[in-house]
Amino acid sequence: MSKLEKAKGFKKSKPGTYLSIGTTLFGTLGVIKQVKRGKAENDKLLLLDAVVSAAAIATGIALLVRELRRLGDDDVLAG
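Conventions we followed
- Residue positions are given per chain, counting from 1 as you read along its sequence in written order.
- Only residues with pLDDT of at least 70 are given local features in this predicted model, and only at 80 or more are side-chain atom pairs given and counted; all residues enter the totals for whole chains, interfaces and linings.
- Hydrogens and water are ignored here; the side-chain numbers use all heavy atoms of the structure.
- Only runs of H or I of at least four residues qualify as helices and only runs of E of at least two qualify as strands under DSSP, and these elements are numbered from the N terminus.
- In this scheme, a residue with accessible area under 20% of its type's maximum is buried, one over 50% is exposed, and one in between is partly exposed, where area comes from a 1.4 Å probe on protein chains only.
- Here, residues are in contact when the closest pair of their heavy atoms is within 4.5 Å.
- The definition of a nonpolar core used throughout is a set of buried Ala, Val, Leu, Ile, Met, Phe, Trp, Tyr and Cys residues joined through side-chain atoms within 4.5 Å.
- Like charges within 9 Å and nonpolar side chains (Val, Leu, Ile, Met, Phe, Trp, Tyr) within 5 Å are joined into patches, using only residues over 30% in relative accessible area that form no salt bridge.
- For every accessible area listed, the method is Shrake-Rupley and the probe measures 1.4 Å; residues are considered covered only by the protein chains on display.
- By definition here, a salt bridge exists when the distance from a side-chain nitrogen of Lys or Arg to a carboxyl oxygen of Asp or Glu is within 4 Å.
- The length a helix should cover is 1.5 Å for every residue beyond the first.
- N or O atoms closer than or at 3.5 Å make up a polar contact, with two conditions inside protein: a donor-capable atom paired with an acceptor-capable one, and, for residues adjacent in sequence, both atoms drawn from side chains.

Let us now look at the overall build of the protein. A count of helices and strands for the protein gives 3 helices and 0 strands. Along its sequence from the N terminus, the protein presents helices and strands in the succession α-α-α. Expressed as a percentage of its 79 residues, the buried residues of the protein come to 18%. Contacts in the protein between residues at least 24 apart in sequence constitute 57% of all its contacts with a sequence separation of at least 6.

Following this line, the structure appears as structure tokens:
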């Protein structure tokens, strides 16, 4: 198996899914900054954008957790 094939398979592995969850959670830092800036400037549109971004992050995390559970179900050694 070549290095490229291993890299493509990493995305569908447990460590790859954990990495995706981590990077998605890292996006919350930007949303928090956006909320603070929106409150400081009293900008309702900026706050709305932050809420929509937070909802997208929450949905992404939920999808990744579901994928992680499916990977666990496919595990022959887990039973």
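Right, let's talk about the nonpolar core for a bit. A general trend in soluble globular proteins is that nonpolar side chains are found buried together. If you look at the biggest cluster of nonpolar residues, it comprises 7 residues: Ile21, Val31, Ala50, Ile57, Ile61, Leu64 and Leu68. Top contributing element to this core by residue count: helix α3 (residues 44–73), with 5 residues. Each residue touching Leu68, except ones within four places of it in the same chain, is listed here: Lys14, Thr17, Tyr18 and Ile21.

Quick look at a nonpolar patch on the surface now. A contiguous nonpolar patch, built from Phe26, Leu29 and Ile32 and spanning about 320 Å² of accessible area, is present on the exposed surface. The topology assignment puts Leu29 in helix α2 (residues 14–41). The exposure class assigned to Leu29 is partly exposed, which follows from its relative accessible area of 45%.

Non-glycine residue Asn42 carries a positive phi angle of around 55°. For Asn42, a relative accessible area of 63% gives the class exposed.

Taking 1.5 Å as the rise per residue, α2 with 28 residues should run 40 Å; its terminal C-alpha atoms sit 41 Å apart, in good agreement. The distance from a side-chain oxygen at the start of α2 to the backbone nitrogen of Gly16 is 3.2 Å, and the residue carrying that oxygen is Ser13. Note on α2: the residue one or two positions beyond its end, Asn42, has a positive phi of about 55°.

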